[in-house]
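Residues per chain are reported as follows:
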Amino acid sequence: MKLIYLFGLILISYLLIINQASYSLSKTAGNADTLKAQIDITIISGGTERYAKPFDKVKSGEKFHIHIKPENKNYLCIVNVSDGKTKVVIDTLLKDRNFYVFPSNKSFFIFDGKNDTEKIIVVLSFTKEPLNKIKSLVDNDLLAYIQKLKDASKCNISEKGDALINITGNLRDISADEQRMSKYQGIQYLIKEFKFNVKR
């Protein structure tokens, strides 16, 4: 009777260990599929720099930077949408945990005021294939494909990230408590859109 009881305890312990191992493996696999990055745009105007909102108003001639800090090595594509026309403005490989400023710390993108609305779409991917596809498409076909990636990624904001002051200097019109980048995560891909109404 004692032997049967002991065997039962051993069997239960074994099953618990197997179950825990399976859970750990599935959790690791899930984490491996999750792409995380801090993404923000700042608007430079009149000697000050401020965070852009996902839907924002800007003036023609104002400059902007795109800030990205990925937690994983991944491929980046930045698409500009103006009057329904698309253009890939950045296409590169990002190393994990590095800060990036586009086009660079000392140069800027500029709202030229040629159109009333401008959209900036940041696309991150673990693999290069989606970016190759993006570069082969234009306009509505490209936007439909990006939406497909966005739906698959289930992208969401997870938490506040690092202080942007460490990248470009003091954001003079933002309080110290608000000088944090926004951190996003998605499955396999990350897509973040910013839309601007441009006043001429």
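This text goes with the structure placed above it.
The following paragraphs examine the structure supplied in this document.

Scoring rules and cut-offs
In this numbering scheme, every chain counts its residues from 1 along its sequence in written order. Where totals are concerned, whole chains, interfaces and linings use all residues; where local detail is concerned, this predicted model gives features only for residues with pLDDT of at least 70, and gives and counts side-chain atom pairs only at 80 or more. Hydrogen atoms and water are omitted, and side-chain values are computed over all heavy atoms in the structure. The helix count covers DSSP runs of H or I at least four residues long, the strand count covers runs of E at least two residues long, and both are numbered beginning at the N terminus. To estimate how far a helix should reach, multiply one less than its number of residues by 1.5 Å. Each residue is placed in one exposure class: buried if its accessible area under a 1.4 Å probe, protein chains only, is under 20% of its type's maximum, exposed if it is over 50%, and partly exposed if it falls in between. Taking the helix axis as origin, the arc is that swept by the directions to the C-beta atoms. For this analysis, a polar contact is any N or O atom pair within 3.5 Å, provided that within protein one partner can donate a hydrogen and the other can accept it, and provided that sequence-adjacent residues contribute only side-chain to side-chain pairs. The contact criterion used throughout is that any non-hydrogen atoms of two residues lie within 4.5 Å. Here, nonpolar core means buried Ala, Val, Leu, Ile, Met, Phe, Trp, Tyr and Cys residues that are tied together by side-chain atoms lying within 4.5 Å of each other. Should DSSP find at least two bridges between two strands, the strands are regarded as paired. Inter-axis angles, ranging from 0 to 180 degrees, are taken between N-to-C directions of lines fitted to C-alpha atoms, where helices are fitted over the stretch in contact. Convention used here: angles under 35 degrees read as roughly parallel, angles over 145 as roughly antiparallel, angles from 65 to 115 as roughly perpendicular, and any remaining angle as oblique. Handedness of a helix crossing follows the sense of rotation of the near helix relative to the far helix, less than a right angle counterclockwise being left-handed and clockwise being right-handed. Residue type decides the class: Asp, Glu, Lys and Arg count as charged, Ala, Val, Leu, Ile, Met, Phe, Trp, Tyr, Cys and Pro as nonpolar, and the leftover types, Gly among them, as polar.

**Concerning helix α3 (residues 139-153)**
Logical step 1: Taking 1.5 Å of rise per residue, 15 residues should cover 21 Å, and α3 covers 21 Å from first to last C-alpha, within 8% of that figure.
Logical step 2: Of all the residues in α3, the buried ones are D139, L142, Y145, I146, L149 and S153. Down the axis, α3 shows its buried residues gathered within 135° of arc, on one side only. Turned more than 90 degrees from where α3 packs its buried face, N140, D141, K148 and D151 sit exposed.

**Let's talk about the side chain of N74**
Logical step 1: By the element assignment, N74 lies in strand β5 (residues 74-82).
Logical step 2: Relative accessible area serves as the criterion here: at 0%, N74 is assigned to the buried category.
Logical step 3: At 2.7 Å, the side chain of N74 forms a polar contact with the backbone oxygen of N72.
Logical step 4: Apart from the residues lying within four places of it in its own chain, the contact partners of N74 are L35, T92, L93, L94, L124, S125 and F126.

**As for the nonpolar core**
Logical step 1: Formed by 26 residues in total, the largest nonpolar core has its most connected members in I39, I41, I66, L76, F102, L124 and F196.
Logical step 2: Here this core takes five residues from strand β1 (residues 34-45), the largest share from any one element.
Logical step 3: By size, the runner-up hydrophobic cluster in this structure holds 14 residues, among which are V79, V81, V123 and I191.

**Here's the deal with the pairing of strand β4 (residues 63-70)**
Logical step 1: Burial of β4 is extensive: seven of the eight residues sit out of reach of the surface.
Logical step 2: Strand direction decides the pairing type here: β1 and β4, joined by eight bridges, are antiparallel. Within β4, the residue paired with D40 across the bridge is H67.
Logical step 3: Here β4 pairs with strand β8 (residues 109-110) via two bridges, running antiparallel. If you follow F64 over to β8, its bridge partner there is F109.
Logical step 4: As judged from the three bridges shared by β4 and strand β7 (residues 100-102), these two strands associate in the antiparallel manner. Bridge pairing in β7 places H67 opposite V101.

**Considering the sheet that holds strand β3 (residues 55-59)**
Logical step 1: Taken in spatial order, the five strands line up as β3-β12-β9-β5-β6 in an open sheet, and their pairing is mixed. Strands with a single pairing partner mark the edges of an open sheet, and in this sheet they are β3 and β6 (85-94). Adjacent strand axes in the sheet meet at a mean angle of 20°, parallel and antiparallel pairs treated alike.
Logical step 2: As paired elements, β3 and strand β12 (residues 189-199) share five bridges and run parallel to each other. Along β12, the bridge assignment pairs F55 with K195.
Logical step 3: In the packing of helix α2 (residues 129-136) onto the sheet, contacts are made with β5, β6, β9 (117-125) and β12, and the angle to β5 comes to roughly 25°.
Logical step 4: In the packing of α3 onto the sheet, contacts are made with β5, β6, β9 and β12, and the angle to β12 comes to roughly 130°.

**A closer look at the pairing of β5**
Within a regular strand, side chains alternate between the sheet's two faces.
Logical step 1: For β5, the buried fraction is high: eight of the nine residues fall into the buried class.
Logical step 2: Bridging between β5 and β6 involves nine bridges; their strand directions are antiparallel. Pairing of I78 across the sheet is with I90, part of β6.
Logical step 3: Between β5 and β6, which pair antiparallel one after the other, the connecting turn spans two residues, and D83 there sits at a positive phi close to 55°.

**Re the packing of α2 against α3**
The description of two packed helices rests on the angle between their axes and on the distance between the axes.
Logical step 1: It is the contact of α2 with α3, at a shortest axis distance of 9 Å, that shows an interaxial angle of 160°. In this view, α2 runs roughly antiparallel relative to α3, as classed from their interaxial angle. Where α2 crosses over α3, the handedness of that crossing is left-handed. Contacts between α2 and α3 involve P130, K133 and I134 on the former and, on the latter, L142, Y145, I146 and L149.
Logical step 2: A class-by-class count of the residues in the contact of α2 with α3 yields six nonpolar, no polar and one charged.

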